[in-house]
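Listed below, chain by chain, are the residues.
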Amino acid sequence: KKLLKYGAQYEGKRTDAAMQKWRSNRFGQFIHWGLYAIPGGEWKGKTYTYAAEFLKSSAHIPNSTWDSLQYQFNPVKFDPKTWAKMAKKMGVKYMTITTKHHEGFCLWPTQYTKFNIGNTPYKKDIIKALVDAYNSEGIDVNFYYSVLDWHHPDWRYDIKTKEDSIAFSRYLTFAQNQLKELAENYPSVKGFWFDGTWDQSIKKNGWWTLQVEQMLKSIRPGVVVNSRLRADDYGARHFDSNGKMMGDYESGYERRLPSPTDTQVIHRDWEACMTIPENQWGYHKKWDISYTKTPLELIEMLVQTTSLGGNFLLNFGPKPDGTIRIEEQQIAEHIGNWMKINSAAIYNAGHAKGWPRQDWGYFTQNETTGKLYAVVFNIPISGILKIQTLEGITISKASFLEKPDVPITVKEIAKKQVNLYLPQQSFSEPFVIILDTINEN
Ligand SMILES: C[C@@H]1N[C@@H](C#Cc2ccccc2)[C@H](O)[C@@H]1O
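Everything numeric here is computed off the predicted structure, so don't read it as measured data. Along each chain, the written sequence defines residue order, and numbers are assigned to residues from 1. Only residues with pLDDT of at least 70 get local features here, since the model is predicted, and only at 80 or more are side-chain atom pairs given and counted; chain-wide, interface and lining totals rely on the full set of residues. Side-chain figures throughout are based on the complete set of non-hydrogen atoms in the structure, without hydrogens or water.

**Regarding unusual backbone geometry**
What counts here: The buried label applies to any residue whose accessible area, calculated with a 1.4 Å probe on protein chains only, is under 20% of its type's maximum; exposed applies above 50%, and partly exposed to all values in between. In this text, helices come from DSSP runs of H or I with a minimum length of four residues, and strands from runs of E with a minimum of two, each type numbered from the N-terminal end.
Positive phi outside glycine occurs at R26, with the angle close to 65°. Relative accessible area serves as the criterion here: at 1%, R26 is assigned to the buried category. The phi angle at K123 is positive, at roughly 70°, despite the residue not being glycine. With respect to the helices and strands, the residue K123 is situated in the loop between β4 (94-100) and α5 (126-136).

Structure, rendered in structure tokens:
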């Protein structure tokens, strides 16, 4: 066991109200918006298939060229209320916005660099507009902040010389000042989502990552910080050198989920962030240059995540004119229609402790009432949902969440084995069954 100064600051899940709200939210909207939306994955007539927000590096574009995009940024059709209403209908309870991505362009009028929204034709504070619009829809807002900054002259990938060290300490002061500014100027912010912390320069400055976490929590008590910010005394990330998670939730699941049987994750708070295309976070002009996930696939990811006690953060990449592309609007509508009927199995729900993984779908359980839900994606040909129950528990009643008066016959066929006989009908959407249980002991 190593003695650490910059390791995990506490063990176990936070139980305060702010963290309980973060946890109960379960479903969030990620938004990646910046100068990269303007070229949208294309440069000088060439289409680049790598992530559109990485176009500057994929196309080897120098800062002098890339940074001049700021004089073109003018989302004349941007209406934050439209975005917030779409998000509300989709059923998200929180939203995480890129205040600054790797390109270094800031969506708020920061005093620490001119490379910000105030020096564009648009001029107005996009972060404030989004915070106000989403909060007025009852949606919490978190700030994504990239520590990696391609624009800032003092950013370093590694610290090899005295000059590197002097420059990078200037950069760390700059970044800490920006974060202080964000925490102070937008008091309703509920969390900070750090990215771009994988380079040696940060791994060698774990002290700074703890200092930033502590600063944010002193300015905004209750604020939630992801594990991705943190590096310990030895450069270990997310989990310190003694294997303890740093930050308030594990944020390593990017475009992937834990396996449905990976019950390790249920012991901590965690979040998976997900793109709809294979790997596009910022807007790409060509939607179909890669596989794009269907609404039903995304709903299953949300349910699988909830069943393992995690949050699901689904990404949108707005267009340079400030509108949401039609493909994303349609997916948001489909998910919203499903959430309108089934959100009881998601909000304030989590892992159903002890209930074994089933092949027809997932169990979720309300964290307050203990109410048990079966979310069904795969109906057996037999029409019989075979449920393996928890030791000493049986199912006394089963009813559809959407249509409680439609009977589902329940039959205990052996110890810990119960059959649910579904009505002979077709189902076009995943559905939720409420399971009433009784203790046999
Ligand atoms: C949340 C996501 N993290 C960012 C990244 C990355 C990345 C960087 C290097 C190698 C592979 C992935 C993406 O641009 C997006 O912001």
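Structure's up, so let's keep going.
**A closer look at the site of the ligand**
Cut-off, in case you're wondering: The near set for a molecule or strand comprises every residue that places at least one heavy atom within 4 Å of it. Definition of a polar contact: a pair of N or O atoms within 3.5 Å, with one able to donate and the other able to accept a hydrogen when the atoms are protein atoms, and with sequence-neighbouring residues admitted only if both atoms are side-chain atoms. Here the Shrake-Rupley method, with its probe set to 1.4 Å, supplies the accessible areas, and only the displayed protein chains count as covering residues. Throughout this entry, Asp, Glu, Lys and Arg are counted as charged residues, while Ala, Val, Leu, Ile, Met, Phe, Trp, Tyr, Cys and Pro are counted as nonpolar. The remaining residues, Gly among them, count as polar.
Around the ligand sit H32, Y50, E53, F54, H101, H102, Y144, W193, D195, W198, E254 and W281, and those are all the residues in its vicinity. Side-chain polar atom of H32 to an oxygen atom of the ligand: 2.7 Å apart, as the coordinates give it. Y144 has a polar side-chain atom sitting 3.4 Å from an oxygen atom of the ligand. If the ligand stood free it would expose 400 Å²; the protein chains cover 75% of that surface. Tallied by class, residues from the shell around the ligand come to 6 nonpolar, 3 polar and 3 charged.

**Regarding the sheet that holds strand β17 (residues 417-421)**
Counted only if it meets this: For two strands to pair, DSSP has to find at least two bridges joining them. Here an axis means a line fitted to C-alpha atoms, over the contact stretch when the element is a helix, while the angle between two N-to-C directions is reported on a 0 to 180 degree scale.
Here we have 3 strands laid out as an open sheet, ordered β14-β17-β16, and antiparallel in their pairing. Only two strands of the sheet have a single neighbouring strand rather than two, namely β14 (384-388) and β16 (409-414). Averaged over neighbouring strand pairs, the angle between their axes works out to 25° when direction is ignored. Note that β14 and β17 share 5 bridges and pair antiparallel.

**Quick word on the environment of V141**
Going by this rule: It only takes one pair of heavy atoms within 4.5 Å for two residues to be counted as in contact.
Note that V141 resides in strand β5 (residues 140-146). Sequence separation between V141 and T275 is 134 residues; the distance between their C-alpha atoms is 19 Å. Excluding its chain neighbours within four sequence positions, the residues that come into contact with V141 are M95, I97, L130, V131, Y134, N135, S188, V189, K190 and G191.

**Here we look at the sheet that holds strand β13 (residues 372-376)**
Taken together, the 5 strands give an open sheet; going across it, the order is β11-β12-β13-β18-β15, and neighbouring strands pair in antiparallel fashion. This sheet does not close on itself; its edge strands, each paired only once, are β11 (349-350) and β15 (393-400). As judged from the 7 bridges shared by β15 and strand β18 (residues 431-439), these two strands associate in the antiparallel manner. Along β18, the bridge assignment pairs K397 with D436. Contacting β11, β12 (361-366) and β13, helix α9 (residues 295-307) crosses the sheet at an angle of about 55° to β12.

**Remarks on the side chain of Q280**
By secondary structure assignment, the location of Q280 is in the loop between β9 (270-274) and α9. Within the structure, Q280 has its side chain in polar contact with the backbone oxygen of T49 (distance 3.1 Å). In terms of polar contacts, Q280 uses its side chain to reach the backbone carbonyl oxygen of Y50, at 3.4 Å.

**Quick look at the pairing of β12**
Most of β12 sits out of view: 6 of its 6 residues are buried. Where β11 and β12 come together, 2 bridges link them in antiparallel fashion. Looking across to β12, one finds that G350 is bridged to Q365. Note: β12 against β13, 5 bridges, orientation antiparallel. Residue pairing in the sheet places Q365 in a bridge with L372 of β13. Where β12 hands over to β13, the hairpin turn is made up of 5 residues, of which G370 adopts a positive phi near 80°.

**Examining the pattern of salt bridges**
Under the convention used in this document: Criterion for a salt bridge: a side-chain nitrogen of Lys or Arg within 4 Å of a carboxyl oxygen of Asp or Glu.
Counted by the stated rule, this structure contains 27 salt bridges. Between R156 and D164 there is a salt bridge; the shortest N-O distance is 3.1 Å. Classification of R156 by relative accessible area gives buried; the value is 16%. Judged by relative accessible area, which is 11%, D164 ranks as buried. We note a salt bridge from R325 to E327, for which the minimum N-O separation is 3.1 Å. On the basis of relative accessible area, E327 is assigned to the partly exposed category, the value being 24%. One continuous salt-bridge network, built from bridges that share partners, spans R14, D16, E213, K217, R230 and D248.

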